[in-house]
Every structure is written in C-alpha cells, then in structure tokens.
Amino acid sequence: MTQFLHTMVRITEPVRSQAFYEALGFTYAGDFDIVRDGEVEATNYFFSLGDQEYVLELTYNHDGRVYDLGTGYGHIAVGVDDLDATLDRLREQGIEPEREPYSVRDGGSRLTFVRDPDEYRIELIERGS
C-alpha cells in the first residue's frame, strides 16, 4: 500500500516559519538534529495537521546557505475552516495575501495565496460550511 508521508521544504528562519505554519493551523510535533562528524548540520522540524501526523518537514541547515525557489515549485494547498480568521492571524505577523480572497467559479470555494517566511507560495482554500 502506498501512503503519503510528508512534504519537506528548506527554511532560513525556524522561529518565523514555525509561527507562520502554526497560524495556518499546523501543530508543531517535534524536531531533531542531524549530526555529522560531531557537528549539528541541520534541524528537522515536523508538523501535524488534524489527525495527520508529521505531514510537513521544515529543514534548517545551520551553515547559513540560502536557496532559490526555482521554477518547478508551484504551491502547497491548505484547507482552512475560516479564511478570514486565518488571514487575520497571518496579518498579526505582517503577512498579507497576494490578493483578497476570491472564487475561481460561481459557487466555488473562496481562496487566496500567501507566502511563508521563505517566500514559498501557500494556497489557502476555505473549506468551512
């Protein structure tokens, strides 16, 4: 049986990234260091979502390197119960949507995009009643 486990993205500011994903509704599930030759090389931060455990891995490399997003990355989509409340929590951190929430078709779900602290695009789709 095949099972989806998690998505990993590299981050540059663990505290800001944790606050961002927790504001989206993710639950911090723990972290562990990757040690090579006695030195901490990286730290992996894991997050759960609802009853899905460890669906997101944020990796911080301690050597100060930076990353290009590249042209192949699109976005991560996250369903939220209340899009306006989610955006309010993100605005408290200074994070604004790319544009105000909208629907792509009549009667469709409201959605918008935000960027995490490392500029990854995150699609927020309102899934409430």
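Residues numbered from 1 in each chain as written. Predicted model: local features only at pLDDT ≥ 70, side-chain atom pairs only at ≥ 80, totals over all residues. Heavy atoms only, no water.

**Student:** Talk me through the overall build of the protein chain; I want residue IDs and the actual numbers.
**Tutor:** Within the protein chain one finds two helices and seven strands. Along the protein chain, helices (α) and strands (β) appear in the sequence β-α-β-β-β-β-α-β-β when read from the amino end. Taking the principal axes of its C-alpha atoms as reference, the protein chain extends roughly 55 × 35 × 30 Å. Here the protein chain holds 129 residues, and 37% of them are scored as buried. (Helix = DSSP H or I, 4+ residues; strand = E, 2+ residues; numbered from the N terminus. Buried < 20%, exposed > 50% of the residue type's maximum accessible area, 1.4 Å probe, protein only.)

**Student:** Which residues make up the pairing of strand 7 (residues 121-126), and what values do they have?
**Tutor:** Burial of strand 7 is extensive: five of the six residues sit out of reach of the surface. When strand 5 (residues 76-80) meets strand 7, the two strands line up parallel, connected through five bridges. For Ala-77, the partnering residue across the bridge sits in strand 7 and is Glu-123. Where strand 6 (residues 111-115) lies against strand 7, five bridges are found, and the strand directions are antiparallel. Paired with Thr-112 across the bridge in strand 7 is Leu-124. Hairpin remark: strand 6 followed by strand 7, antiparallel, with five residues in the connecting loop; positive phi at Glu-119, about 75°. (Pairing = 2+ DSSP bridges.)

**Student:** Could you give an account of helix 1 (residues 14-23), with specific residues and numbers?
**Tutor:** All buried positions along helix 1 are accounted for by Pro-14, Ser-17, Phe-20, Tyr-21 and Ala-23. At the exit of helix 1 stands Gly-25, carrying a positive phi of roughly 110°.

**Student:** Please give an account of unusual backbone geometry that cites residues and values.
**Tutor:** Positioned with a positive phi, Asp-37 is a non-glycine residue whose angle comes to about 55°. Here Asp-37 falls in the exposed class, since its relative accessible area comes to 76%.

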